[in-house]
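Residue-level structure breakdown
Okay, here's what each chain looks like letter by letter:
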Amino acid sequence: MAHVAQGEKEDIDRAVRAARRTFDSGPWHTMTPSMRGRLLNKLADLAEQHSEEFAQLESLDNGKPLSVARAADVPLAIDMFCYMAGWATKIEGNTIPMSFPGQYFAYTLREPVGVVGQIIPWNFPLLMAAWKLAPALAVGCTSILKPAQQTPLSALRLGELIMEAGFPAGVVNIVTGFGSGAGAPLAAHPAVDKIAFTGSTEVGKMILQAAAGNLKKVSLELGGKAPNIVLKDMDVQTAIAGAAHAIFFNQGQVCCAGSRLYVEKGVFDQVVEGVAEHTKKIKIGSGFDPSVTMGPLVSDEQLSRVTGYLQLGMSEGAKSLAGGQRYGDHGYFVEPTVLVSTNQNMRVVREEIFGPVVVAQPFDDLDEILSLANDTVFGLSAGIWTRDISKAHRIAAQLKAGTVWINCYNVFDAALPFGGYKQSGWGREMGHAVLESYTEVKSVCIGL
Ligand code: NAI
Ligand code: MG
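Residues numbered from 1 in each chain as written. Chains lettered and ligands numbered in written order. Predicted model: local features only at pLDDT ≥ 70, side-chain atom pairs only at ≥ 80, totals over all residues. Heavy atoms only, no water.

Let us now look at the sheet that holds strand 13 (residues 381-385). The strands making up a sheet associate through backbone hydrogen bonding, with each pair oriented either parallel or antiparallel. Sheet architecture is open: 7 strands sit in the order 10-11-12-9-8-13-14, paired in mixed fashion. On the outer flanks of this sheet lie strand 10 (319-322) and strand 14 (403-406), each paired with one strand and no other. The sheet shows a mean angle of 25 degrees between the axes of neighbouring strands, direction not considered. The pairing of strand 13 with strand 14 spans 4 bridges and is classified as parallel. Across the sheet, the residue bridging to A382 is V404, located in strand 14. Lying over the sheet, helix 10 (residues 236-248) contacts strand 8 (227-230), strand 9 (260-264), strand 11 (337-340), strand 12 (357-363) and strand 13, oriented at roughly 175 degrees with respect to strand 8. (Pairing = 2+ DSSP bridges. Helix = DSSP H or I, 4+ residues; strand = E, 2+ residues; numbered from the N terminus. Axes fitted to C-alpha atoms, helices over the stretch in contact; angles between N-to-C directions. Contact = heavy atoms within 4.5 Å.)

Rendered as structure tokens:
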């Protein structure tokens, strides 16, 4: 389909030097916040003009249904640039009342952290580029962006639009390549001030070690194994549709996917059988076929990983109510799968599968569900389905997760922070929360 350069250490080094120069002394350094905001708005406009092209690139490169790229990836990415364009002129400090003996006038400034390395995954390639670039550019950082080796195309096209919008040279430097060849030297580079990573928890830990050399700042958005909790008071059909969407959206290749389905006893059979029934309505095939609602997984590697977990689950004693194996004999398709007879000790319940596979378990009461839900090393997201407003808030308050969706799932907004507790990561993406992770606070104290 396309040939893409395999960036290595020396390419990263050249990109870092360009970003460094532009940050320290180039036109970016002196550009007004208003102008940065206008450039971001211009980029959003250009991306919008090329919406259909981006949606097609995303579907071709990742395999996801074109309809999903059109409805989710592309508009959310555009929105991110618009939202952050507004922040460019609003990165403010405070005036601080001082109690130290004497008279002082003290204030804080928020300054860009500097040159940032940004490493992104393949599940939402354009959107992840937008989540990373938009806040960094809004606050005045320069970036070296490394897209995932599986899906570099939309980031490269975005790079062309960044040039067309008029961003000065060196502000955004996109280096394609593999994790070990290009990602690792970026994470370790001594002239990079911050590294922002989205991907596996395993690589997140490697990023952290690589960052230790110059103690660069680190933000991480990692894996998840989200509990999706259905209480028995909930309308069963709504819960079924919600549970299916929570796990099957984007072929289940979503860090916040509702991959552990916990259903209150009394409606367990009805709900899990409903989700199993729902899988029959999912049409698997090419992302370019308008009737298709589930495309292939992204790669051979991901296919092996997911089918490996399916075999493991069966050998651990789980039973499949629907699916359970590869779909067809060519391409990277996997059947949407519902596993029951599962328990907390199984690896399919503890580990992130990152495919269209949900594990389901019944529970008795609130105490039990809270301990089951929080019994995980992850803490990215969670879902609750109930009409009982007080139970909904009580559960939400006690879940160790960065996002809790009540009676909805996979709802994202540029204004709504997103990120993980525990091993799901450090820091937040989106909202004004993300601005903190791309800025330093400087305290200035003047004796009067
Ligand atoms: P990965 O974590 O290896 O790759 C993500 C990004 O990190 C890619 O750009 C890759 O090139 C880069 N990378 C890989 N090794 C690196 C290193 N040593 N130093 C710096 N950068 C490096 O994820 P992979 O292998 O594609 O998927 C494995 C599993 O990770 C998935 O099955 C899923 O469980 C999880 N994952 C989670 C994502 C999320 O959104 N949180 C996204 C992608 C994967
Ligand atoms: Mg990997």
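All right, on to the pairing of strand 4 (residues 142-146) then. Where burial is concerned, most of strand 4 is hidden: 5 out of the 5 residues are buried. Pairing of strand 3 (residues 115-119) with strand 4 involves 5 bridges; the strand directions are parallel. Following the sheet pairing, Q118 is matched in strand 4 by L145. For the crossover that starts at strand 3, traverses helix 6 (residues 125-139) and ends in the parallel strand 4, the hand is right-handed. Where strand 4 and strand 5 (residues 172-174) come together, 3 bridges link them in parallel fashion. If you follow I144 over to strand 5, its bridge partner there is N173. (Buried < 20%, exposed > 50% of the residue type's maximum accessible area, 1.4 Å probe, protein only. Right-handed = clockwise from strand over helix to strand, strands pointing away.)

The next thing to look at is the side chain of T439. By secondary structure assignment, the location of T439 is in strand 18 (residues 439-447). Here L435 takes part through its backbone oxygen, which lies 2.8 Å from a polar atom of the side chain of T439. (Polar contact = N/O pair within 3.5 Å; in protein donor to acceptor, adjacent residues only side chain to side chain.)

With that settled, the discussion passes to the site of ligand 1. Close to ligand 1 lie 29 residues, the nearest being I120, W122, Q149, S200 and E352. One nitrogen or oxygen atom from the side chain of S200 is found 2.7 Å from an oxygen atom belonging to ligand 1. When residues of the shell around ligand 1 are traced back to their parent elements, those giving at least two are helix 8 (179-188), strand 6 (194-198), helix 9 (201-211) and helix 12 (300-316). (Near = heavy atom within 4 Å.)

Enumeration according to the criterion identifies 12 aromatic pairs in this entry. For the ring pair W405 and Y409, a centre distance of 4.7 Å and an interplane angle of 50 degrees mean the geometry is tilted. As far as the burial class goes, W405 and Y409 line up, both buried. Over the aromatic face of Y438 sits the side chain of K194, whose NZ or CZ is 4.7 Å from the ring centroid. (Phe/Tyr/Trp six-rings, centres within 6.5 Å; stacked < 30°, edge-to-face > 60°. Lys NZ or Arg CZ within 6 Å of the ring centre and 35° of its normal.)

Attention now goes to the packing of helix 4 (residues 51-62) against helix 7 (residues 153-165). As a packed pair, helix 4 and helix 7 sit with axes 9 Å apart at the nearest point and diverge in direction by 155 degrees. Taken together, the axes of helix 4 and helix 7 lie roughly antiparallel to each other. Taken together, the residues of helix 7 that come into contact with helix 4 (itself represented by E53, F54, L57, E58 and D61) are L153, S154, R157, L158 and L161. Each residue belonging to the contact of helix 4 with helix 7 can be placed in one class, and the counts come to 5 nonpolar, 1 polar and 4 charged. (Parallel < 35°, antiparallel > 145°, perpendicular 65-115°, else oblique. Nonpolar A, V, L, I, M, F, W, Y, C, P; charged D, E, K, R; others polar.)

What is shown is where atoms sit, not what they do.
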